[in-house]
Amino acid sequence: MEILLQILLILFLARILSEICERSGLPGIIGEIGAGLIFALVLKPDDITTLEFFGELGAIFLLFTAGYKEVHVKDLKATSASALIPTLSQIMMAFAFGFFLGKMFGFGFTESLFMAVAFSPTSISVVVKTLIDTDYLSSKPGAMMLTSAIFDDIIGIFLLSLVVSVATLNQFPSGIHTLIILGKIIAFVIIMAILGWKVFPQLFEYIQKMHTKESLFSFVIIIALLSAYLSEIFGLHAVIGAFLGGAILSDLPLAKIETVQKKVNGIAYGFFTPLFFAFIGLSIETEVLGTAGIFTILVVVLALSGKLIGGFIGTKLVGFSSIDSLIFGIGMMPRAGVELVVIAIGKELGIISNEVFAAIVLMVVVSIIISPIMLEMSIRYKEKNMAAELTDPSNKTT
Amino acid sequence: MDINKRKSEKQSIEDCPRDRTKISDICADITVSQVMSREVITVKDTETIENIIELMINTPYHSYPVLDLNDELVGVIEQDNILELLFFERSHRSHHTHLMAIKALSEQAATLMVHHPVTVPPDASLCDAADLMIKHHIDRMCVVQNKKLTGVLSKSDLLRKIYELRRK
């Protein structure tokens, strides 16, 4: 099939199905993944090399915009350290569940590690709407979820950079290997920090005076691609560099002018990221879907319960009530962007199998659907208990 | 206005047509500090959202520079971003990112503000400032020297100066 027609059809399907999902109260990402799946099932394209390339660019832009729009270094400084214990607890528990599941099914070290990392991050934006609707955004667990999500993203990216580096060794890293990996990460971060601190501010002063059309926007994109390329030189994956590049530009006034931000949003959310999510759907081997068995169920159950249990324990440790801890744990369950980037990289490197890939995509979809429902149910349960306590003080729950 | 006076004005415009190049030449020799407004209404980074809204109601501006304890410029608060946060619950799901949610819960200028205002030094030429404002649809820019706010340059200031130049 002609490549132009492929891109046209997949983008059109992604937009239409995303709209249908949004109108039925579900995040558009499900529609975009569904578009890729339907495209593969109906049209059975022979050659998807170009779509694969656009999918990779989509992953780069997904993480670049996450850094560019969502990370603010000063907010990180202001974040309460009390969120660190619940955050680490839920990430570590989910990580351990993922690794344990891989080992249980006889996977190698690297594949188990990829599963563990894919289990680890959270996409809080999925449940923000529920928190707003239940008037729970400013509550104790609601505020903790938001604070935790800031750490979560950074830890997720760090884990991803570690796992990609370990994947190149394909074995448990020795002490010297670990030091080399950490050294590469630190060297890359230092170079990016110098660029962001000394070079980019000066560079953008010149760029904004350039006579060529859209020079500021072009250079924001150039820096996204440069950061992605640099990180590959350092043995890290392109998406890690893109995220860091975005985070560095996020505090640079000339790179964050409203008109430039709108253009970056347009190209990222209007073109590249829908293609990435559609490519995820397209990459699911349809034959695998028929054989989904106990492994797939365990992936879904353990990935969700890892976050729930870890979040529950972590918040109990910092003095939350049981029901608030439960609400926090449920709020940490949804997965979306970073998790899919992790498995896309794992598949691209030939580390994770089609079964694991399909199971994790299913887990992401399930988590997006059930997390808001469970969150609302738990909040209503708490409110019911509180109302009961008010009418009958002897009926007190923890 | 009588017909004779109108005719004489028309005659003078025809004798001396608008000279855009000339204005461009002159503005290159004018610095931002000569044109900017020095009387600026600012907001402290510890200011509450209630006080900021009250200030916005009682003053005619769309954006306010935010200063820290040392009177250094740390951000800008705009009507648009306050409204966006006040109506956060009604906004589309795609705006419900964790950073926006944190901002929406905040009560202080330091978290509500835009942390990356575009600034210009007082000795920059008016031409450079005008280029930046026109090219990127910026209505108001903070004029900063050594991190301290020395004034604000708005599109109205620009127009006022150009009007003066054209009248000469």
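The structure under discussion appears in the preceding block.
Residues numbered from 1 in each chain as written. Chains lettered and ligands numbered in written order. Predicted model: local features only at pLDDT ≥ 70, side-chain atom pairs only at ≥ 80, totals over all residues. Heavy atoms only, no water.

**A short note on the overall build of chain B**
In terms of helices and strands, chain B carries 9 helices and 6 strands. Counting only residues that meet the buried cut, chain B has 41% of its 168 residues in that class. By element, 51% of the accessible surface of chain B is carried by carbon and sulfur atoms, the whole surface being about 10300 Å². (Helix = DSSP H or I, 4+ residues; strand = E, 2+ residues; numbered from the N terminus. Buried < 20%, exposed > 50% of the residue type's maximum accessible area, 1.4 Å probe, protein only. Areas by Shrake-Rupley, 256 points an atom, 1.4 Å probe, with all protein chains shown as cover.)

**Here's the deal with the packing of helix 10 (residues 215–233) of chain A against helix 11 (residues 238–249) of chain A**
Residues and elements named next belong to chain A. Remark: helix 10 packs on helix 11, axes separated minimally by 7 Å, with the N-to-C direction vectors making an angle of 135°. Accordingly, the angle class assigned to the pair helix 10 and helix 11 is oblique. In this structure, helix 10 crosses over helix 11, and the sense of that crossing is right-handed. Contact with helix 10, carried on its side by Val220, Ile223, Ala224, Ser227, Ala228, Ser231 and Glu232, involves Ala238, Gly241, Ala242, Gly245 and Leu249 of helix 11 and no other residues of that element. Residue composition of the contact of helix 10 with helix 11, grouped by class: 7 nonpolar, 4 polar and 1 charged. (Axes fitted to C-alpha atoms, helices over the stretch in contact; angles between N-to-C directions. Parallel < 35°, antiparallel > 145°, perpendicular 65-115°, else oblique. Left-handed = near helix turned anticlockwise from the far one by under 90°. Contact = heavy atoms within 4.5 Å. Nonpolar A, V, L, I, M, F, W, Y, C, P; charged D, E, K, R; others polar.)

**Some points on the sheet that holds strand 6 (residues 148–154) of chain B**
Reading across the sheet, the 3 strands line up as 4-5-6 (chain B) and stay open at both edges, with mixed pairing between neighbours. Every interior strand has two partners, whereas the edge strands, strand 4 (119–120) and strand 6 of chain B, have only one. (Pairing = 2+ DSSP bridges.)

**Structural notes on the interface of chain A and chain B**
Quoted interface sizes are often the accessible area lost when the parts come together. At the junction of the two partners, chain A supplies 33 residues and chain B supplies 22 residues. The interface formed by chain A and chain B includes 0 salt bridges. Here chain A is connected to chain B by 2 residue pairs in polar contact (both at pLDDT 80 or more). Taken together, the elements giving at least two residues each to the side of chain A that touches chain B come down to helix 3 (49–70), helix 4 (73–78), helix 7 (125–133), helix 8 (140–169) and helix 12 (258–283) of chain A. Among the elements that make up the side of chain A that touches chain B, the one with the highest residue count is helix 7 of chain A (5 residues). (Salt bridge = Lys/Arg side-chain N within 4 Å of Asp/Glu carboxyl O. Polar contact = N/O pair within 3.5 Å; in protein donor to acceptor, adjacent residues only side chain to side chain.)

**Digging into the nonpolar core**
Counting 165 residues, the largest nonpolar core has Phe119(A), Phe204(A), Leu249(A) and Leu340(A) as the members making the most contacts within it. Judged by nonpolar contacts, the second largest core, of 6 residues, contains Leu67(B), Leu73(B), Val76(B) and Val144(B). (Core = buried A, V, L, I, M, F, W, Y, C linked by side-chain atoms within 4.5 Å.)

**Some remarks on the packing of aromatic side chains**
All names here are of chain A. Under the counting rule described, the total for this entry stands at 12 aromatic pairs over all chains. With a centroid separation of 5.9 Å and 75° between ring planes, the pair formed by Phe99 and Phe109 is classed as edge-to-face. Here Phe99 is found in helix 5 (residues 84–104), whereas its partner Phe109 is found in helix 6 (residues 109–119), with 10 residues between them in sequence. By relative accessible area, Phe99 is classed as partly exposed at 24%. Arranged with centres 5.0 Å apart and planes meeting at 75°, the rings of Phe271 and Phe272 form a pair that is edge-to-face. (Phe/Tyr/Trp six-rings, centres within 6.5 Å; stacked < 30°, edge-to-face > 60°.)

**Topic: the side chain of Thr259(A)**
With respect to the helices and strands, the residue Thr259(A) is situated in helix 12. Other than its neighbours up to four places away in sequence, Thr259(A) contacts His136(B) and His137(B).

**Structural notes on helix 16 (residues 337–348) of chain A**
All names here are of chain A. In this model helix 16 runs 16 Å from its N-terminal to its C-terminal C-alpha over 12 residues, within 8% of the 16 Å that 1.5 Å per residue would give. Counted residue by residue, helix 16 has 10 buried out of 12 residues, so it is predominantly covered. Where helix 16 is concerned, the buried positions are Gly337, Val338, Glu339, Leu340, Val341, Val342, Ile343, Ala344, Ile345 and Gly346. In the segment just after helix 16, Gly350 is the residue with positive phi, at about 75°. (Expected span 1.5 Å × (residues − 1).)

**A look at the pairing of strand 5 (residues 140–145) of chain B**
Residues and elements named next belong to chain B. Here strand 4 runs beside strand 5; their pairing, made up of 2 bridges, is parallel. Note that in strand 5 the partner of Val120 across the bridge is Val143. Crossover strand 4 to strand 5 through helix 8 (residues 126–135) is right-handed. Pairing analysis gives 6 bridges linking strand 5 to strand 6, with the strands arranged antiparallel. Considered in strand 6, the bridge of Cys142 is made with Val152. (Right-handed = clockwise from strand over helix to strand, strands pointing away.)

**Structural notes on the pattern of salt bridges**
For the structure shown, the criterion picks out 10 salt bridges over all chains. One salt bridge in this structure joins Lys44(B) and Asp71(B), with 2.8 Å as the shortest N-O distance. Placement of the pair is Lys44(B) in strand 1 (residues 43–44) and Asp71(B) in the loop between strand 2 (63–67) and strand 3 (73–78), with a sequence separation of 27 residues. Judged by its relative accessible area of 32%, Lys44(B) falls in the partly exposed class. The closest approach of N and O atoms between Lys161(B) and Glu164(B), which form a salt bridge, is 3.5 Å. One end of the pair is Lys161(B) and the other is Glu164(B), both in helix 9 (residues 155–167) and 3 residues apart, which spans about a single turn. By relative accessible area, Lys161(B) is classed as buried at 17%. Through salt bridges that share partners, Glu376(A), Arg380(A) and Glu383(A) make up one connected network.

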